[in-house]
Amino acid sequence: MSMTDPIADMLTRIRNAGRAGHRRVDIPLSKIKIEVARILAENHFVRGYKVLDDNRHGRLRVYLKYTSDDRPVIRLLERVSKPGLRKYVDANSIPKVRAGMGIAIMSTSNGLMTDRDARRQHVGGEIVARIY
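Residues numbered from 1 in each chain as written. Predicted model: local features only at pLDDT ≥ 70, side-chain atom pairs only at ≥ 80, totals over all residues. Heavy atoms only, no water.

> Give a description of the overall build of the chain that names residues and reports values.
Counting its secondary structure elements, the chain contains three helices and eight strands. For the chain, the succession of helices and strands along the chain, N to C, is α-β-α-β-β-β-β-β-β-α-β. Radius of gyration (C-alpha) of the chain: 15 Å, near the 14 Å computed for a compact globule of 132 residues. The principal-axis extents of the C-alpha atoms in the chain amount to approximately 40 × 40 × 25 Å. When each of the 132 residues of the chain is scored for burial, the buried share is 39%. Long-range pairs, those at least 24 residues apart, make up 58% of the contacts in the chain with a sequence separation of at least 6. (Helix = DSSP H or I, 4+ residues; strand = E, 2+ residues; numbered from the N terminus. Rg over C-alpha atoms; globule rule 2.2 N^0.38 Å. Buried < 20%, exposed > 50% of the residue type's maximum accessible area, 1.4 Å probe, protein only. Contact = heavy atoms within 4.5 Å.)

Written out as structure tokens, the structure reads:
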């Protein structure tokens, strides 16, 4: 069975694992998911990630991050642009997430990047997800 939206599946797995208190979550592997995990790790929303070889398609293991009182660092993780309704913005109208406290992951002509990087490079694109 094929999956309609693998990015939404990844975000849902991370969100559910955080709510359940798991320390890590395994996700089916793809290049775009590795890039999303890299952005989450660079912005300190997860502890890290690792690509695992399972002798088939591979797995992406994401290590979740928690506060000192065992609450997940990620409070909101939502898909913005969906297969049925894509959300594109130009470089001048990239929205800020929680007044700059969160990030938006954007797919641009220069690859996947945060909203801050897209503003700095003055490129627009598709808003993939919002995180704070």
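Next comes the rest of the write-up.
> Residues and numbers for the sheet that holds strand β3 (residues 59–64), please.
With antiparallel pairing, the three strands of this open sheet are ordered in space as β1-β3-β2. On the outer flanks of this sheet lie β1 (24–28) and β2 (46–52), each paired with one strand and no other. Between one strand axis and the next, the sheet turns by 20° as a mean value, whatever way the strands run. Note that β1 and β3 share five bridges and pair antiparallel. Of the residues in β3, the one forming a bridge with Ile-27 is Leu-60. Along the sheet, helix α2 (residues 31–42) makes contact with β1, β2 and β3, crossing β2 at roughly 155°. (Pairing = 2+ DSSP bridges. Axes fitted to C-alpha atoms, helices over the stretch in contact; angles between N-to-C directions.)

> Mind laying out the environment of Thr-67, listing which residues take part and the relevant values?
Structurally, Thr-67 can be placed in the loop between β3 and β4 (77–79). Of the polar contacts made by the side chain of Thr-67, one reaches the side chain of Asp-69; its length is 2.5 Å. (Polar contact = N/O pair within 3.5 Å; in protein donor to acceptor, adjacent residues only side chain to side chain.)

> Give me the lowdown on the packing of helix α1 (residues 6–20) against α2, citing residues and values where you can.
At their nearest, the axes of α1 and α2 sit 10 Å apart, and the two run at 40° to each other. For the element pair α1 / α2, the angle class is oblique. Both α1 and α2 take part in a crossing whose hand is right-handed. In this structure, α1 contributes Pro-6, Ile-7, Met-10 and Ile-14 to the contact, and α2 contributes Ile-32, Lys-33, Val-36, Ala-37 and Leu-40. (Parallel < 35°, antiparallel > 145°, perpendicular 65-115°, else oblique. Left-handed = near helix turned anticlockwise from the far one by under 90°.)

> So what about the pattern of salt bridges? Which residues, and what values?
By the definition in use, this model includes twelve salt bridges. In this structure, Glu-42 and Arg-38 form a salt bridge, with 2.9 Å as the shortest nitrogen-oxygen distance. Of this pair, Glu-42 and Arg-38 both sit in helix α2, separated by four residues, roughly a single helical turn. Counted as one network, the salt bridges with shared partners bring together Glu-35, Arg-38 and Glu-42. (Salt bridge = Lys/Arg side-chain N within 4 Å of Asp/Glu carboxyl O.)

> Describe unusual backbone geometry, and please don't skip the residues or the numbers.
Backbone geometry places Asp-70, a non-glycine residue, at a positive phi of 60°. Residue placement: Asp-70 occurs in the loop between β3 and β4. Of note, His-122 is a non-glycine position whose phi angle comes to about 55°, a positive value. Structurally, His-122 is set in the loop between α3 (115–121) and β8 (125–131). Residue His-122 is classed as exposed on the basis of its relative accessible area, which comes to 52%.

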